[in-house]
Each structure stands twice: as C-alpha cells, then as structure tokens.
Amino acid sequence: MEKIEKLSKFILELAPEVSRKIKDSCRNIKKIPRNKRQDRTISLDHQIGAYWAKNILKRFDGVRIDSEESADRAGKGETIVRIDPVDGSKHALCGIDLVASAISVTYKGEVVFGLVINPFSEKFYWAYKNRGAFLNGKRIKVNREGIETSFVMREDPTSKLF
C-alpha cells in the first residue's frame, strides 16, 4: 500500500497544474467561433488526459491508465488510474465555468483514492478509502440530514447545443 500512498500524493501534487491548464484552456475556448469550438474541447480532454498519464507512468511502474479518452490508455498492472480529464467540456464551450477533472486509483478491484478538481472555484476534493474525505486539505464530513436538505443536480445530455 505504500505505492498507493505515494501515487495518491503525487496525483495531489499534479492537481494545481491540471487545474491551471484547464482554466487557461477554457478561457481560450470562449474566443473561438462557435462552429469550431467542439474539436478544441476534445483536444483539451486529450491534452489533460495525456498530462496525467505521462506524469504518472513516468514515475510509477505497474500502473495502468484508463482514461475516458480511449487514446490515453496505457501501462499494465493491478493498480489502475481512471481519469475523466475534463468533465463538463460542453459547459466550457458555452462559457459556463462548471468544469472538473476527476481521477481515481483502484487497487485489486477496489477504489482506494479519488480526486475531483474544480479549476474555477479552485476546490480540490479527495478521499481515501477508510480515511475520510478532504476539501483543499481540510477534512469534510457527509451530510447526515438526508436528501431532503441536500442540493441535487441533474443534467440531461447536451448534444442539442450543437
């Protein structure tokens, strides 16, 4: 498990740079004419996925990368890093700052670490299995009041935007 601990810490070290890259790229997307926006976002997904994969594989042996972007799959091992490089890319195309990057570490079939980066609010949420969840380094707890007092958001597919 020491390898998993080091891998998780390394992912957290990369998070601010991933956040910066997404934020900077999204700002540039807004300046592109509407008929050319979609391909740019897809390349952003690949750029962020490749950044995660390249840095992780360079430092850790026995790690398999499984990115939402099929071109960004590489490596071998029972430790799997799953990546959604840019979740909300359609939002970015519309100038909505509701974008995230998500990454998790699975070891022997169990998720042991997860991270969600919100680059525009600069909030970094992560959790370790059996060790709790954190927001920007501070421990957070689950709302025990139930769904009645919670905010729940649902999104329909956005393909009609284009």
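Further up the page is the structure itself.
Residues numbered from 1 in each chain as written. Predicted model: local features only at pLDDT ≥ 70, side-chain atom pairs only at ≥ 80, totals over all residues. Heavy atoms only, no water.

A. The packing of aromatic side chains, seen in detail. Scanning the model with the defined rule gives four aromatic pairs in all. Their ring planes at 20° and their centres at 6.0 Å tell us that Trp-126 and Phe-134 sit as a pair that is stacked. A ring pair is formed by Tyr-128 and Phe-134, whose centres lie 6.5 Å apart and whose planes are at 75°; its orientation type is edge-to-face. You'll find Tyr-128 and Phe-134 in the same group, each marked buried. Directly above the aromatic system of Tyr-128 lies the positively charged group of Arg-131, at a separation of 4.1 Å from the ring centroid. (Phe/Tyr/Trp six-rings, centres within 6.5 Å; stacked < 30°, edge-to-face > 60°. Buried < 20%, exposed > 50% of the residue type's maximum accessible area, 1.4 Å probe, protein only. Lys NZ or Arg CZ within 6 Å of the ring centre and 35° of its normal.)

B. Broad picture of the pattern of salt bridges. Here the structure, examined in full by the defined rule, presents nine salt bridges. With a closest N to O distance of 3.1 Å, Lys-6 and Glu-2 form a salt bridge. With a gap of four residues between them, Lys-6 and Glu-2 both fall in helix α1 (residues 2-29), about one helical turn apart. With a relative accessible area of 48%, Lys-6 lands in the partly exposed category. Judged by its relative accessible area of 56%, Glu-2 falls in the exposed class. Put simply, Lys-9 and Glu-5 hold a salt bridge, and the shortest N to O gap is 3.9 Å. A residue pair is termed a helical-turn pair when its members lie 3 or 4 positions apart in one helix, as Lys-9 and Glu-5 do in helix α1 at four residues. Taking relative accessible area as the criterion, Glu-5 reaches 24% and is therefore assigned partly exposed. (Salt bridge = Lys/Arg side-chain N within 4 Å of Asp/Glu carboxyl O. Helix = DSSP H or I, 4+ residues; strand = E, 2+ residues; numbered from the N terminus.)

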